[in-house]
Amino acid sequence: MPGALDGLKILDLSRILAGPTCTQLLGDLGAEVVKIENPGTGGDDTRSWGPPFAPGAGGAPSDLSAYFMAANRNKLSVAADIATPEGQALVLALAAEADVVIENFKPGGLNRYGLDAETLLSRFPRLVYCSISGFGQTGPNAAKPGYDLMAQGFGGIMSLTGDPDGQPMKVGVGIADVMCGMYACVGILAALRHRDATGQGQHIDVALVDTQIAWLINEGVNYLTSGQLPERRGNGHPNIVPYQVFATLDGHVIVAVGNDGQFRRFCGVLGAGDLPDDPRFATNPARLENREALLALIAPMLAARRSARIVAELEQAGVPVGPVQTLDQVFASDQVAAREMAITMPRDDVEGGEVRLIGNPLHLSRTPVSYRRAPPRFGQDTDSVLSRVKPKA
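Residues numbered from 1 in each chain as written. Predicted model: local features only at pLDDT ≥ 70, side-chain atom pairs only at ≥ 80, totals over all residues. Heavy atoms only, no water.

Re the nonpolar core
We count it as follows: Residues belong to one nonpolar core when they are buried, are Ala, Val, Leu, Ile, Met, Phe, Trp, Tyr or Cys, and are joined through side-chain atoms within 4.5 Å. Relative accessible area decides the class of each residue, using a 1.4 Å probe on protein chains only: under 20% of the type maximum gives buried, over 50% gives exposed, and in between gives partly exposed. For helices the rule is a DSSP run of H or I covering at least 4 residues; for strands it is a run of E covering at least 2, with both sets numbered from the N terminus onward. Two residues qualify as a contact provided that any one of their heavy atoms is within 4.5 Å of a heavy atom in the partner residue.
The biggest cluster of nonpolar side chains holds 29 residues, and the ones touching the most others in it are Ile10, Cys22, Leu26, Ile102, Cys130, Ile132 and Ile188. For this core, the secondary-structure elements that each account for two or more residues are helix 1 (18-28), strand 6 (100-103), strand 7 (128-133), helix 7 (175-198), strand 8 (202-207) and helix 8 (208-214). The greatest single-element share of this core, amounting to seven residues, is contributed by helix 7. Setting aside residues no more than four positions away along its own chain, Ile132 makes contact with Ala18, Gly19, Ile102, Glu103, Asn104, Phe105, Cys180, Ala184, Val206 and Leu208. Ranked by size, the runner-up nonpolar core spans 26 residues in total, among them Ile36, Val78, Leu90 and Leu115.

As structure tokens, then:
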């Protein structure tokens, strides 16, 4: 079946995670993605970010680290050094036939090579050119490098994450990079729609810090509304109680009571049917005000029960509840199998003949995502791409 973005050509000058996340998503939707990798560094930095690596056919580590494979399927890898005239000519030739160029160099970093947005848009006015950087193309911090951890720190999410008495804590994965890549993808699709309607390309400027601030969501607006700095609450929720992880007799469960009706049913399961009639706990605002008193009452009740019993009883009562799963449990679940969130892709040059990856969560009824190309070895498609373009200085 055709992909939603069949026929689109993406020239990918990005590396690490934010840009590759964006271009992998575009590739999954059917676009052709040509990834330029620097031969002087052995390609994308993340190729060496392991172990683990997919073992080669003989068992030796390959350049397919798990980190690289997480964001680089459905791409052609071309080895080219943009610091050389030959590399610049190749990129210009590819840009001439591309719909989108995406890059994550420091602002101004591509000017010396004639591959910056202003230059390429003047030559190819229908081009959509997306720049990803740490702080954006403008502002006092524009020249500073940007990494996920720094974005999480500068953008405030670390001040909200972690135990109340512990140190500020980052999210366990590179979420600032991933969300930046997703915002970039949305911007690219919007710019393509405008280009198709008007013939005009444009420059998209997206920053890790900006997007990280954007997904502060309710906590950010809580501060802007109240002027009060939010507290770190571990797994607790700033606006709903009880809504957090609780210890059980044999592990942990998540309880997410979203309204007063659910709270009454929750208390009924615990055998504490009097609590909803207590003025301290009758409404969510009251429960917020008396958070610690409520938790002191219900936490011991949950700690005396086994996780499976709590989940079964609260599900039966219509109260949101769930387990805290480890990754082996996640990927072994029937739900993951049904939703095809764990996939394999063939590669003859790795041990076992295939690599295991996380699936794309988009389910489009007429233009489904597709998995056409396993994450590439460095430069594997250089010759085939060169054979179809004619670089010009």
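Moving on, there is more to tell.
What about the sheet that holds strand 2 (residues 32-37)?
Note the threshold: Criterion used throughout: strands pair if DSSP finds at least two bridges between them. Axes here refer to lines fitted to C-alpha atoms; in helices the fit is confined to the stretch in contact. Angles between the N-to-C directions go from 0 to 180 degrees.
In space, the six strands of this open sheet follow the order 5-2-1-6-7-8, with parallel pairing throughout. A strand with exactly one partner marks an edge of an open sheet, and here the two such strands are strand 5 (76-79) and strand 8. On average, each strand axis in the sheet is inclined to that of its neighbour by 20 degrees, with strand direction left out of account. Sheet analysis places strand 1 (residues 9-13) next to strand 2, joined by four bridges and oriented parallel. Note on strand 2: the bridge partner recorded for Lys9 is Glu32. Taken strand by strand, helix 3 (residues 85-97) contacts strand 1, strand 2, strand 5 and strand 6, and its axis lies near 150 degrees from that of strand 1.

Some words on helix 10 (residues 260-270)
Stated precisely, the cut-off is as follows: Taken from the helix axis, the directions to the C-beta atoms give the arc we talk about. By the criterion applied in these results, polar contacts are pairs of N or O atoms within 3.5 Å in which, for protein atoms, one can donate a hydrogen and the other can accept it, and in which residues neighboring in sequence qualify only through two side-chain atoms.
If you check which residues of helix 10 are buried, you get Gln262, Phe263, Phe266, Cys267 and Leu270. Buried residues of helix 10, viewed axially, fall in a sector of 135 degrees; they line one side. Those residues of helix 10 that are buried are in contact with strand 10 (252-256), helix 11 (284-289), helix 12 (291-303) and helix 13 (307-316). The N-capping residue of helix 10, defined by a side-chain oxygen 3.1 Å from the backbone nitrogen of Gly261, is Asn259. Downstream of helix 10 by one or two residues, Gly271 has phi in the positive range, about 75 degrees.

Some points on the pairing of strand 4 (residues 61-65)
Extensive coverage of strand 4 is indicated by the burial of four of its five residues. Of the strand pairs in this sheet, strand 3 (residues 53-55) and strand 4 are connected by two bridges, and their pairing is antiparallel. Bridging from a neighbouring strand, Phe53 pairs with Ser65 of strand 4. In this structure, the hairpin formed by strand 3 and strand 4 is closed by a connection of five residues, where Gly59 is found at a positive phi of approximately 100 degrees.

A short note on the pattern of salt bridges
Filter applied, for reference: Whenever a carboxyl oxygen of Asp or Glu lies within 4 Å of a side-chain nitrogen of Lys or Arg, that contact is scored as a salt bridge.
Taken as a whole and assessed by the stated rule, the structure comprises 18 salt bridges. Taking the shortest distance from any N to any O, the salt bridge between Arg47 and Asp63 comes out at 3.3 Å. With Arg47 in the loop between strand 2 and strand 3 and Asp63 in strand 4, this residue pair connects regions lying 16 residues apart in the sequence. The class for Arg47 is buried, based on a relative accessible area of 4%. Across the pair Arg264 and Asp277 runs a salt bridge, and its minimum N-O distance is 3.1 Å. Highlighted residues: Arg264 in helix 10 and Asp277 in the loop between helix 10 and helix 11, separated in sequence by 13 residues.

A few points about the sheet that holds strand 10
Strand order in the open sheet formed by three strands is 9-10-11, and the pairing between neighbours is antiparallel. Of all strands in the sheet, those bounded by a partner on one side alone are strand 9 (243-247) and strand 11 (321-323). Within the sheet, the average angular offset between the axes of one strand and its neighbour, ignoring direction, is 25 degrees. Bridge count for strand 9 against strand 10 is five bridges, and the pairing is antiparallel. Its bridge partner being in strand 10, Ala247 is matched across the sheet by His252.

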